[in-house]
Structure formats: C-alpha cells, structure tokens
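Spelled out from the first residue to the last, the chains are:
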Amino acid sequence: MQLSPLQSRLAASVIASCLLIIIYLLLLSPQFALAAELDRISADHDAHEFAFEMQETVEDMEVLDIGNPTYEPEFALFDRSIIGRVPNGVVSMVNNRVEKSNLGPGVTMTYVFQASSVAGRAVRDSDESSELRRSSNGSEAAAADGHGNDELLRRQQKATTLWISANTCEQPLRLSSDKTKPDPPQLTLYVSTSPDNTSPGPSQGNDGQEVIEFKEGAVMFNTSVDRDIYLSISAPSVSADFDTTKQYNFELVASTDRYYFSYRDDPTETDLIWVDSDATAALLQTNYLNNKTEQVITTPPFVMFAHNQDNLIINGLRNSYCGLSLYSQVRFLDDGSGGMITTGLKNMGDLNLTRQEFYVSGLNASSNYTAILAREPGKSLQQRQDDPSSVGGGIVFNPATFQTKPNGACTFIFNLTLCDQTQYAVPGNLKNFPNGTALATFYENYTRTMWDNFDKVLQQVPCETTASSSKYSLVRDCDDCKSAYKNWLCSVAVPRCEDFSSPDREYLQMRNIGAPFPDGTKVDQSILDKFGGLKAFNSSRNPMIDETVQPGPYKEVLPCDNLCYELVQSCPAKLEFSCPQPDSKYGFNSSYGRQKSDGSLSCNYPGSAHFPAGADTILPRWNGLLATMGILLPLLL
C-alpha cells in the first residue's frame, strides 16, 4: 500500500522520535525512583544511627568545602596555575624535598614555600585523626571535632615552623695553593619578611628581608609559616684568584619537621676524639653513645671525613655534608664502602658504654689532619613522613685535629684479646714486624704469659671463702685484684710510644737511647753523655722489647701512678706488690706519670686518648692512697 505524502511525513517523525528516545536512554541513563514497601523501624531501634550517618555526610561536606581558605585540592589534571599561581622565575618548593641547582657567580635564584601546602597537610592530618577518633569514640567525638575543625587548622597553620637549610656542594676552585690567599666567597641566603617582597636578594637591601651568609658551606634559618615564604640563594662575584668557569652547586631544603642539614658551631664541644696514630694510620672515636649498658646500639650511626691540612680544597666546605662527600680525601665511597676507613662499635670503660671508632689507614707521615664527624641526612623525601625523625636530621659536627708520627719506632696496634682496651702506638720495627697485626701478636703472647703466671699465684689465695677471718680484705676480693692487675699489666708491658723527636714533656720518658734509629743514625751525643749511663734511659722497661722487637730510640708515655696504687690496694699482701715513692727521682719519675684533673693525656691507662683539656670524659676509677706506698720493687717499675 502506498502512503500519501502526509502519512509519509508522520511515519518519519515517529521513527525519528523513537530513535531519539533510544539514544537518550543509552547515553544518559537517567535514574528512576523505585517504590517499595519498607519494614517499619522497631521501637527499640537506636534512631541516632541514622542521625550519625547524616552528620558524617555533613562533616565530609564541611571538610571538603572549597571556600575554606585552608583547603588545597590536589588534582593531577590541573597545574598550579589554577590552584595558586607562582610568579614567573620563582621555583615552588615541596616540604622535605631537596632542591639541587647550579649557580653562576653573581646570579640569584628565588624560591617560594607556599603556606597552602602546610594547610593542606594539616587538613589531611586532621582528617586522619578525626577518622581515628570517630571509629574509636563514636559519633560524639566526631561531631565535636567537626565543629572546631576550621579553628584547629588555623592554629596549626599559624604555629608551623619552617626550617630552611642548605649546603654548598661545589664552589669555584682556588688557582693558588698559597695559604695566605682568601678562601672562595660564600653563598648568601635571603628570606623575605614582607608580603610585598616576592624576590628577595642583594638588590632589595636589608629592609624587608633577612640576610644570612653561608658559613663554611652551610646555612640554617627558621621562620613561622603564616604566609607564603619567599627566599633566594645568591652567588657572589668571584675574583681572578679562582676558576671563574666553575659554578656553585648547592642543595636547599625547606622542612616543617626539622633542619634537613645542620652543623655544630660551638668550638668548646668535643664530638670526635683522637686516640692515637703512627706514621700511616690513626684511630678516632666518638663520645659515649649511650648512658647505660642496657641501651644497646647495634648500628654505627655516624660517618667520618678526614683531610690533610696542607690541601686547601675543602676550605669553605667544612660544614657541608655534600661538599665533604665530594672533596674530602678520606671519606666513605659512593658504593657504601669505607675506603680508607674501617668503623665499628666498641664497649669500653668501667661502665662498659659504647663508642663508635674509626680506624683510618693510608695516611701521610708527619702530617696534620682535620677529622670531621657527621650524620647522613635522611633519604625518604618524596612522601610525607609519619615519623619526623626519619626526615633529614643530617649533622656536621665540630672538626677535630690529629697528627701522624714520623717513620720511626712506633707502630699502632689494636684488637688484643687480653688487653682489649689497648689501642695505641707501641715500640715497633717494620723490618722485624712488617705490620701491626704481627706486632700485636708479640705483645699479646707476652702479656698472656705474664697473666697466666699471676693467675696461678692468685689461685693459692682462698678467694671463695665466706669466713671474714680468712679473707685478705673486707673491702676487696680476688676479682678486684684481677681487674687491677690487668689494667696495670696492659699499661706497663705494652708501653705507649711517642716518636723520639716529640718535644720533652714531664710524662715522656726516653728509652733505648743507645740503639741506632731505623735509618742507622744515632741519638745526639749530648743526650748520650747526659743519660747514657742510666738504665731507665738506655733500655726499654720490658727487656724483651729490646731483644725481639729492637725498636731503636723512642719515648714512652709513662703509665699512671694510680694503676700501681690500685694494684697494691686490691691484691693480697702476700703477693708483695708495692710502688716507688713519689720523691724517688729516678725511681718514680722514670716509671710513672700522674693523671691531670682536666682529662688531657698526661699518662697512660686503659682507654686513654688525646682528650681535650677540660673535656667531659669518664676516667678510670682509682682510689689509691699515696701514704700506703713505701717499698720500691723492680717488678712494678
């Protein structure tokens, strides 16, 4: 059947309408209400559960209110031009992220730390704590938290401190090794103190900004984050005394947790202690890392850098962790190995506390070195840390100095079994004992023989008796005697050695002056004429040293007299230990030294080191009384 024109148009309209309806249903998928009969709420049902759900929805809407000035949306599809515009040429900083950059002389680079980033973090922290309280305390805690959320965030934002720190990693190099020439000029940190100063720097003057010059390659500054913080790093102009093609390189961090980089600036503090050295090696140690034995430390917390003072390349970088890591002659390598440094933990002293030790080898003889203790900054920077202690916290401590001895009669030894606190240079001979390990074995065997003989004699004393009438002392026992004898034996039988060229001091005793030096030369004839006839000067305290080691002339750091007094007080009288009288010129003065009250090295004892005068050290516990000593026996000389 053929349709009329009017019918044809009607059919086409109907078909088109149907197609539109189908397309509408497929693309838009409108939601239709479903009518269904619900069960009635029972009378004993807790109706406030529904109120809590409503309240929770309102809370979420309040927290996500984009009108709230503390809210910062984080949308990956939108850049910061929509969220908060940063001026052109200004680098936006992220909390705890290291900003690395090169800077040519005379150039300034500007950064901004936006206050909104702190507020955004506060919102996330508040949401997490609110959710935790809601799940544990119920609706009432959640509702109370919701009402005060805005004010809480404002208080958090106002109280937040921004810790700004930077290190200079590289700088223009000196063209001259002349020590009288100035060191490379330092970078400068500028921090705006005015909302109108968005480009702090040398062109702004001192009004409206803080000006802080780097010190030895490091800078620290903190301020409150009550607005966007603008700051700049500026490089100075460099004279022709330096390689002007070499740019400055620095690392900059802004943190709301703590300083990422820091340094100690109190020269009275002692963080690294020089124990002793020979011509090519040295041992250094930290202060005690714990206060009691129960505090167990299993991982060495520090690294160490050392540098020959004749080399000036680290001048201007001594407070910079990255600068020392790049240019220090003695440092830990990039692969994590120690290179010339061997480090470990050791318990020592009467309280058996822990120190970290650094044994450095491959040094130059007769040289002065600077040693710097440091703690590496944190590495987890790209995400917000729940534990602020894992963020940053890098420290460069005060430098210490130490010297190596000339090539001569002294060799450094350590890791003895019986004399476990003995770690210093002793009389040696590289021809007879080519390394410290072989020499340590000689001294270990000798002290072990002496100890075994002493132990056999002490076994004849009734140490285990409980009868007071049978005890040799009411205040000391055999354990005290063993401890005192060990301290005395290790200090006397393993003498601490200084090179014969060392300046004369009260506690240094010339030994073996009649023997030739390793190079075949002799002691000055005037010294031989004056002291050659005295046994204390013409031989070592221990004859086996002259017979087996054959060290040549050297000076001995005399053992402390308190060691002898403690031995006599602690052991049975039948062992007949006694000490020389202090007024015996060639008995006492050539056998023992006296400990100074300031802790500096003035005699030898277990654990002795070059403690700076007045340093806070824990000295041995000695309670000897001088009045009890009267008889001079060769055994204790």
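Each value, and the rule that gives it
Residues numbered from 1 in each chain as written. Predicted model: local features only at pLDDT ≥ 70, side-chain atom pairs only at ≥ 80, totals over all residues. Heavy atoms only, no water. Helix = DSSP H or I, 4+ residues; strand = E, 2+ residues; numbered from the N terminus. Buried < 20%, exposed > 50% of the residue type's maximum accessible area, 1.4 Å probe, protein only. Areas by Shrake-Rupley, 256 points an atom, 1.4 Å probe, with all protein chains shown as cover. Contact = heavy atoms within 4.5 Å. Polar contact = N/O pair within 3.5 Å; in protein donor to acceptor, adjacent residues only side chain to side chain. Pairing = 2+ DSSP bridges. Axes fitted to C-alpha atoms, helices over the stretch in contact; angles between N-to-C directions. Disulfide = S-S within 2.5 Å. Core = buried A, V, L, I, M, F, W, Y, C linked by side-chain atoms within 4.5 Å. 1 Å grid on protein atoms, 1.4 Å probe; cavity = no way out; pocket = protein on both sides within 12 Å on 5 of 7 lines; lining within 4 Å. Points joined across faces, edges and corners; volume = space filled by probe spheres on them. Nonpolar A, V, L, I, M, F, W, Y, C, P; charged D, E, K, R; others polar. pLDDT = per-residue confidence, 0-100. Salt bridge = Lys/Arg side-chain N within 4 Å of Asp/Glu carboxyl O.

**Structural notes on the overall build of the chain**
When you go through the chain residue by residue, the secondary structure sums to 13 helices and 22 strands. Looking at the chain as a whole, 44% of its 637 residues qualify as buried. Surface exposure of the chain reaches about 33,800 Å², of which carbon and sulfur atoms provide 52%.

**Brief notes about the environment of Asp546**
Turning to its location among the elements, Asp546 is positioned in helix H12 (residues 543-549). In the structure, Asp546 is positioned 118 residues away from Gly428 in sequence and 9.8 Å away in space, judged by C-alpha atoms. Here Asp546 is in contact with Asn512, Ser539, Ser540 and Pro551, once residues within four sequence places are set aside. There is a polar contact of 2.6 Å between the side chain of Asp546 and the side chain of Ser540.

**A closer look at the sheet that holds strand S22 (residues 554-557)**
If you walk across this open sheet you meet the 3 strands as S20-S22-S21, and the pairing is antiparallel. Two strands in the sheet have a free side with no partner beyond their single neighbour: strand S20 (496-498) and strand S21 (508-511). Averaged over neighbouring strand pairs, the angle between their axes works out to 40 degrees when direction is ignored. Where S21 lies against S22, 4 bridges are found, and the strand directions are antiparallel. Residue pairing in the sheet places Arg511 in a bridge with Tyr554 of S22.

**Quick notes on the environment of Ser325**
Topologically, Ser325 is positioned in helix H7 (residues 321-327). Sequence separation between Ser325 and Cys169 is 156 residues, and the spatial gap between their C-alpha atoms is 8.5 Å. Not counting chain neighbours up to four residues away, the residues in contact with Ser325 comprise Phe305 and Arg331.

**A closer look at the state of the cysteines**
Overall, the coordinates contain 7 disulfides when judged by the stated rule. The side chain of Cys169 participates in a disulfide bridge whose partner is Cys322; the two sulfur atoms lie 2.1 Å from each other. Negative torsions about the S-S bond denote left-handed disulfides, and the value of about -95 degrees found for Cys169 with Cys322 makes this one left-handed. Here Cys322 lies in helix H7 and Cys169 lies in strand S4 (residues 161-170), a separation of 153 residues in the sequence. Judged by its relative accessible area of 2%, Cys169 is buried. On the basis of relative accessibility, which here comes to 10%, the residue Cys322 falls in the buried class. Residue Cys564 pairs covalently with Cys579 via a disulfide, S to S 1.8 Å. On the sign convention where negative is left-handed, the bridge of Cys564 and Cys579, at about -110 degrees about the S-S bond, is left-handed. Placement of Cys564 in helix H13 (residues 561-570) and of Cys579 in the segment after H13 is noted, with a sequence separation of 15 residues between them. Classification of Cys564 by relative accessible area gives buried; the value is 1%. For Cys579, a relative accessible area of 1% translates into the label buried.

**Let's talk about the nonpolar core**
Formed by 47 residues in total, the largest nonpolar core has its most connected members in Ile413, Tyr443, Phe454, Tyr485 and Trp488. Mapped onto this core, the elements with two or more residues apiece are strand S11 (272-277), strand S18 (410-413), strand S19 (424-427), helix H8 (436-458), helix H9 (478-492), H12 and H13. Excluding residues that lie within four positions of it along the chain, Phe454 makes contacts with Cys481, Lys482, Tyr485, Leu575 and Phe577.

**Regarding empty space enclosed by the protein**
The full count for this structure, using the stated rule, is 2 cavities of 30 Å³ or more. Roughly 40 Å³ of internal volume is contained in the largest cavity. The wall of the largest cavity is formed by Cys419, Asp420, Gln421, Thr422, Lys486, Asn487, Cys490 and Pro606. Along the lines of polarity and charge, the residues of the lining of the largest cavity split into 3 nonpolar, 3 polar and 2 charged. Looking at the second largest cavity, its volume works out to about 30 Å³. Among the elements that take part in the lining of the second largest cavity, strand S17 (residues 394-403) stands out by supplying 3 residues, more than any other. Here the lining of the second largest cavity is built from residues that sort into 5 nonpolar, 4 polar and 1 charged.

**What to know about the sheet that holds strand S7 (residues 218-224)**
Strand order in the open sheet formed by 4 strands is S2-S9-S4-S7, and the pairing between neighbours is antiparallel. Bordering the open sheet on either side are strand S2 (99-103) and S7, each of which pairs with just one other strand. Going across the sheet, the axis of each strand differs from the next one's by a mean of 20 degrees, ignoring polarity. Here S2 runs beside strand S9 (residues 248-255); their pairing, made up of 5 bridges, is antiparallel. Paired with Asn102 across the strands is Asn249, a residue of S9.

**Notes on the confidence of the model for the chain**
Mean pLDDT over the chain stands at 81; residues scoring 70 or higher make up 77%. In this model residues 126-147 is a low-confidence stretch, pLDDT under 50, and it forms 22 contacts with partners more than four residues away in sequence or in other chains. Note that pLDDT drops below 50 for residues 616-635; the model gives that stretch 45 contacts with residues more than four away or on any other chain.

**Points about the pattern of salt bridges**
According to the stated counting rule, one finds 17 salt bridges in the structure shown. Its salt-bridge partner being Asp265, residue Lys215 comes within 2.7 Å of it at the nearest N-O pair. Of the two residues, Lys215 is situated in the loop between strand S6 (209-213) and S7 and Asp265 in the loop between strand S10 (261-263) and S11; the sequence distance between them amounts to 50 residues. Its relative accessible area of 37% is what places Lys215 among the partly exposed residues. A salt bridge links Glu566 to Arg476; its shortest N-O distance comes to 3.4 Å.

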